[in-house]
Amino acid sequence: MSNASGPTARPFPELPAGFRLGAATAAYQIEGAHDQDGRGPSIWDTFSHTPGRTLGGATGDTACDHYHRYREDIGLLRELGVDDYRFSIAWPRLLPEGTGPVNAKGLDFYDRLIDELLAAGVAPTVTLYHWDLPQALETPSDSGSAAGGGWRVRETAEAFAEYAALAAERFGDRVERWITLNEPYCSAFVGHAEGRHAPGAEEGRGALAAAHHLLVAHGLAVRALRAAGAREIGITLNLDRLHAATDGPEDQAALRRAEVLHNEVWTEPLLSGRYPAHEDETWAGLAAGPWRLPGDLELIGAPLDFLGVNFYRPVTVTAAPHRAADPELRTAVDIGVTEVDPYGTRHTTMGWPVVPEALTELLCGLHARHPRLPPIWITENGSAETDTVAPDGRVHDTARIDYLTDHLAAVSAAVTAGVDVRGYYVWSLLDNFEWARGYGQRFGIVHVDYDTLTRTPKDSYHWYRGLITAHHARTEETTP
Ligand code: PNW
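Residues numbered from 1 in each chain as written. Predicted model: local features only at pLDDT ≥ 70, side-chain atom pairs only at ≥ 80, totals over all residues. Heavy atoms only, no water.

(A) Spotlight on the site of the ligand. Residues in contact with the ligand amount to 16 residues; listed here are only the nearest, Gln-29, His-130, Arg-196, Glu-380 and Glu-434. The separation between an oxygen atom of the ligand and a polar side-chain atom of Gln-29 is 2.7 Å. In the model, an oxygen atom of the ligand is placed 3.4 Å from a nitrogen or oxygen of the Tyr-312 side chain. Computed on the free molecule, the ligand has an accessible area of 450 Å², of which 89% lies beneath the protein chains in the complex. A majority-of-atoms criterion places the ligand in the largest pocket. Class assignment of the residues belonging to the shell around the ligand gives a composition of 7 nonpolar, 5 polar and 4 charged. (Near = heavy atom within 4 Å. Polar contact = N/O pair within 3.5 Å; in protein donor to acceptor, adjacent residues only side chain to side chain. Areas by Shrake-Rupley, 256 points an atom, 1.4 Å probe, with all protein chains shown as cover. 1 Å grid on protein atoms, 1.4 Å probe; cavity = no way out; pocket = protein on both sides within 12 Å on 5 of 7 lines; lining within 4 Å. Sits in = over half its atoms within 2 Å of the grid points. Nonpolar A, V, L, I, M, F, W, Y, C, P; charged D, E, K, R; others polar.)

(B) Representation of the side chain of Asp-65. Note that Asp-65 resides in the loop between helix H2 (43-48) and helix H3 (66-80). Dropping the residues within four chain positions of it, Asp-65 is found in contact with Ile-30, Glu-31, Leu-453 and Arg-455. (Helix = DSSP H or I, 4+ residues; strand = E, 2+ residues; numbered from the N terminus. Contact = heavy atoms within 4.5 Å.)

(C) The UniProt feature "active site" (unreviewed entry) in the protein, seen in detail. Summarizing the sequence annotation, UniProt attributes the feature "active site" (unreviewed entry) to Glu-183 and Glu-380 in the numbering used throughout. Despite a sequence span of 198 residues, these residues sit close together in the fold, their greatest C-alpha distance being 10.7 Å. Residues that both appear in the annotated list above and line the largest pocket are Glu-183 and Glu-380. The residue Glu-183 is located in the loop between strand S4 (177-182) and helix H8 (184-194) in this model. Tracing the chain through its elements places Glu-380 in strand S10 (residues 376-380). Owing to a relative accessible area of 4%, Glu-380 belongs among the buried residues under this scheme. Excluding residues within four positions of it along the chain, Glu-380 makes contact with Arg-86, His-130, Asn-182, Glu-183, Val-309, Asn-310, Phe-311, Tyr-312, Tyr-425 and Trp-427. (UniProt positions renumbered as here; feature names shortened; annotations may be inferred. Buried < 20%, exposed > 50% of the residue type's maximum accessible area, 1.4 Å probe, protein only.)

(D) Structural detail: the layout of surface pockets. If you add up the space inside the largest pocket, you get close to 1,100 Å³. Looking at the largest pocket, it is lined by 43 residues, and the ones nearest its centre are Tyr-185, Val-190, Glu-194, Arg-196 and Arg-313. Taken together, the residues that form the lining of the largest pocket break down as 23 nonpolar, 8 polar and 12 charged. (Points joined across faces, edges and corners; volume = space filled by probe spheres on them.)

(E) Spatial organisation of the UniProt feature "binding site: substrate" (unreviewed entry) in the protein. Using the residue numbers shown here, the UniProt feature "binding site: substrate" (unreviewed entry) corresponds to Gln-29, His-130, Asn-182, Tyr-312, Trp-427, Glu-434 and Trp-435. The annotated residues named above include Gln-29, His-130, Asn-182, Tyr-312, Trp-427, Glu-434 and Trp-435 as those lining the largest pocket. Residue placement: His-130 occurs in the loop between strand S3 (123-129) and helix H6 (135-138). With relative accessibility at 2%, the residue His-130 sits in the buried group. Ignoring any residue separated from it by four or fewer positions in sequence, one finds His-130 in contact with Ala-26, Gln-29, Arg-86, Ser-88, Asn-182, Glu-380, Trp-427 and Trp-435. Tracing the backbone through its elements, the reader meets Tyr-312 in the loop between strand S7 (306-310) and strand S8 (315-319). If sequence neighbours within four positions are ignored, Tyr-312 has contacts with Trp-352, Pro-353, Glu-380, Asn-381, Gly-382, Tyr-403, His-407, Trp-427 and Phe-443. A distance of 2.6 Å separates a polar atom in the side chain of Tyr-312 from a polar atom in the side chain of Glu-380.

(F) Broad picture of the pattern of salt bridges. Within this structure, the stated rule accounts for 37 salt bridges. For Arg-177, the salt bridge goes to Asp-84, with nearest N and O atoms at 3.0 Å. Residue Arg-177 is located in strand S4, and its partner Asp-84 is located in strand S2 (residues 84-88); the two are separated by 93 residues in the primary sequence. Of the two residues, Arg-177 and Asp-84, both sit in the buried class. Linking Arg-154 and Asp-296 is a salt bridge whose minimum nitrogen-to-oxygen distance equals 2.7 Å. Remark: Asp-296 occurs in helix H12 (residues 296-300) and Arg-154 occurs in helix H7 (residues 154-171); sequence separation between them is 142 residues. Take Asp-296: its relative accessible area is 3%, and that puts it in the buried class. One salt-bridge network, in which partners are shared between bridges, spans Asp-108, Asp-111, Asp-115, Arg-170, Asp-173 and Arg-174. (Salt bridge = Lys/Arg side-chain N within 4 Å of Asp/Glu carboxyl O.)

Given below as structure tokens:
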């Protein structure tokens, strides 16, 4: 495919016929309107409002104000020509206390959003949980009926299944694809052990319990979605392409520990119906913790229609001394591993190295290791750059175009090698609230001015539009 009229001279990557192209966002990162129309608070409202937790004290109170500007944003998607749009539903908009009374205005908002997407010719993909747990499930309010405890307790998984059933009954006739959880690794370990994400806890035991309950929540939600007749059901994981810094035995052992924590804790129960073999006695804690009930692994391992994979960068690890005294923290986060960066390549503003072939390797590795691997969707991929609106009124984000070109080519290479990858969502449609990093990191293919909330499509948006148009034309030629 040529790219004669595009902003860069490089050709578009070749994609398989019928491969689907989309864009992704998440509720707390774009919606704003945090206290409007009956939305209850989430753990991210509480966390971002706690001094010192996010860069410059940034919150999602307004974010991109997508709650009020969703029509404009869907217009951007329509113009872009994407096949699919991945967004998340804010659980506390539908159920302000996490469970119990339903907020009709919350249901109405997502009804309007979904109907406008369909009218724009874009298929909705819904993420049910992109980190905004209703605060009432974490710490109950006076009126709250829930016990609190968040993901550390099983009741939260049960509440999640009720929420999933509510969403599927209301929206299931129009939603193409359902993602139960986004990156449960982050919810469990970044949220409960590292403490860099909400709820900001640094507990070993709490993180292990959270990991298990998130998987149970996924399993219960799959069951509820199936019962409601949902179309395609999957989960999104941030799987890591890991390397050891050296061939030495200590680094190789560190690599094994990282493989378990980052990948196998999730892929083994989900795809093989078991927890990873625990040569390290601490892993027995997760596999045999008191939170585990008979039947859980069958529930968690129920067949999926697809696996969502978020990919940004590879990670290299080396052995390091433990720092924490708590033996359970040594399981959940302080696993005797530290990251090193041997990559002599360009880095994005997140400090992440740009290594597209790592995505091909990750996908081929999954395919080789898991006989039950369902079709894969890349549910997030993108780069943060220093994007500013130039005097000509445009945003010349050539580095992002190169990143996306090379990563799409890397996906295509995996398909050629035999991996069943069905589609790709660029992260993100809009610049948005990048969690603890606040508004300092811009991932959008559309620039957002946070003072005026003006949207300016970047050069990468125009490039992606050209790619999608060319890809659709080619797919039509090759499909009889
Ligand atoms: C993913 N970390 O997040 C998320 O799914 C998106 O919401 C996010 O915007 C995107 O990747 C880009 O970062 C992560 O600090 C954010 O470990 C932070 C971490 C991991 C994943």
